[in-house]
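# Observations on the three-dimensional arrangement
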Amino acid sequence: MKNILQGKQLGFGTAPLGNMFRNIPEEEALATVDAAWENGIRYFDTAPFYGAGLAELRLGEALAKRPRDEYVLSTKVGRIILDELEDPTSRDLGEKGGLFEYGRKNKIHVDYSEDGTLRTIEDSLKRLQTDRLDIVYVHDIAQDFYGDEWLSKFESARKGAFRSLTRLRDEGVIKSWGLGVNRVEPIEIAMALDEAQPDAFLMAGRYSLLDHDRALQRVMPNAAKMNAKIIVGGPYSSGVLAGGTHFEYQKASPEIIAKVDSIKAIANRHNISVKAAALQFVLANPAVAAVIPGASRPDRITEDVAAMNEVIPAAFWQEMREQKLVAQDAPLPI
């Protein structure tokens, strides 16, 4: 895992390319991937779930002209995209209702079995116009999508997807596998398994300026012990740290808005961007191999790259710690 993401700390999360929150023109989506490439980004993450295959199709189209050996590609299993159509607004997505209502209308079938995993990978390869995947994540086996049933989904994945992906990794078909989730608990359980050990975890929204306490205590130390890498998704907390209005894929609460305003005030005093603070905070943790902010416009990619290179004074982080806006034991980029 360490080798394939070396030099690729800034990746591109393609969920927005599945028409998350808005109907993105095809040209704009493809231009965003091109902008990522032109800015040196060489790690791309996607999933069948993003717009019912739309993000994979767009990413595959944009990357088809690029040398396959020059980039790392990850996608996810757990959902099969069918030819049968459905109303995207009627999907039961737990806490994430309406997330991809502007995506394709293809029916999304949940399947964490061994056969379902292999079929999902085969379908993804076709949509992505490639012959191989580097990393495969088991997607969303957590409370936010399945409520009280999440543990049964996890167990289904343990018996199916986990074993399939372990075999594919052992055979050299894929280089790495793990979980791609928006909650810490599934990662904690997976780390404690005696069998089918994952070696990578895509943790979305759980290690950010707005929410990092539990991951810091429960995930990061164990990742270091088992030599597993953490890939952080959602460093802007669904956009609220980048000037948006969403947190956890929903409208941000007044409490979250107030916390963001406090961070912005400190950032303004030190003449830095909140984006820079968000990205550099994540990467300061030695367990983190990469961060993959999402984008749906080319200029957002340019902003991300600039934020990575922005110089943040130590006084900013000291004030953040004094104001208890970052945990006392969180590694900081000082």
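Please refer to the structure placed before this passage.
A short tour of the structure in this document, coming up. Here the structure is a predicted model, which is why all the values come from computation and not from measurement.

Across the interface, helix H1 (residues 26–38) lies against helix H2 (residues 54–63) with an axial gap of 9 Å and an inter-helix angle of 55 degrees. By the angle between their directions, the pair H1 and H2 is classed as oblique. Viewed along their axes, H1 and H2 form a crossing whose handedness is right-handed. When H1 is examined against H2, the residues Glu26, Ala29, Leu30, Val33, Asp34 and Trp37 are found in contact with a partner set consisting of Arg58, Leu59, Glu61, Ala62 and Leu63.

Residues spaced three or four apart along an α-helix face the same direction, because each turn holds 3.6 residues. Between its first and last C-alpha, helix H9 (residues 254–269) extends 23 Å over 16 residues, near the 22 Å set by a 1.5 Å rise per residue. Within the sequence span of H9, burial applies to Ile256, Val260, Ile263, Ile266 and Ala267. Each buried residue of H9 lies within a common arc of 120 degrees when the element is viewed along its axis, so the set occupies one face. With respect to the buried face of H9, the exposed residues turned more than 90 degrees away are Pro254, Glu255, Asn268 and Arg269. Where H9 is buried, its residues touch strand E10 (246–247), helix H10 (274–283) and helix H12 (314–322). Phi turns positive, to about 60 degrees, at Asn271, one or two residues after H9.

A separate point is the pattern of salt bridges. All told, the structure shown has 35 salt bridges when counted by the stated rule. The closest approach of N and O atoms between Arg132 and Asp131, which form a salt bridge, is 3.2 Å. By relative accessible area, Arg132 is classed as partly exposed at 27%. For Glu195, the salt bridge identified is with Arg163, shortest N-O distance 3.4 Å. One end of the pair, Glu195, is in the loop between helix H7 (185–191) and strand E8 (200–204); the other, Arg163, is in helix H6 (residues 161–170), and 32 residues separate them in sequence.

The subject of this paragraph is the nonpolar core. Grouped together as the largest cluster of nonpolar side chains are 106 residues, with contacts concentrated most on Phe44, Val138, Phe162, Tyr207, Leu209, Ile230 and Leu241. The element that contributes the greatest number of residues to this core is H10, accounting for eight residues. In terms of nonpolar packing, the next biggest core, distinct from the first, is built from twelve residues, Ala200, Leu202, Ala289 and Ala290 among them.

Interaxial distance between H10 and helix H11 (residues 298–309) falls to 8 Å at its minimum, and their mutual angle equals 60 degrees. It follows that H10 is oblique to H11 by the angle criterion. As H10 packs across H11, the resulting crossing turns out to be right-handed. Judged by residue contacts, Lys275, Ala276, Leu279, Gln280 and Leu283 of H10 engage Arg300, Glu303, Asp304, Ala307 and Met308 from H11.

A word on the sheet that holds strand E6 (residues 135–139). Read across the sheet, eight strands follow the order E1-E2-E3-E6-E7-E8-E9-E12 without closing on themselves; strand pairing throughout is parallel. Of all strands in the sheet, those bounded by a partner on one side alone are strand E1 (12–13) and strand E12 (288–292). Where E8 meets strand E9 (residues 229–233), five bridges bridge the pair, whose relative direction is parallel. Directly across from Ala204, in E9, lies its bridge partner Gly233.

Reading the values: rules and limits
- Residues numbered from 1 in each chain as written.
- Predicted model: local features only at pLDDT ≥ 70, side-chain atom pairs only at ≥ 80, totals over all residues.
- Heavy atoms only, no water.
- Axes fitted to C-alpha atoms, helices over the stretch in contact; angles between N-to-C directions.
- Helix = DSSP H or I, 4+ residues; strand = E, 2+ residues; numbered from the N terminus.
- Parallel < 35°, antiparallel > 145°, perpendicular 65-115°, else oblique.
- Left-handed = near helix turned anticlockwise from the far one by under 90°.
- Contact = heavy atoms within 4.5 Å.
- Expected span 1.5 Å × (residues − 1).
- Buried < 20%, exposed > 50% of the residue type's maximum accessible area, 1.4 Å probe, protein only.
- Arc of directions from axis to C-beta.
- Salt bridge = Lys/Arg side-chain N within 4 Å of Asp/Glu carboxyl O.
- Core = buried A, V, L, I, M, F, W, Y, C linked by side-chain atoms within 4.5 Å.
- Pairing = 2+ DSSP bridges.

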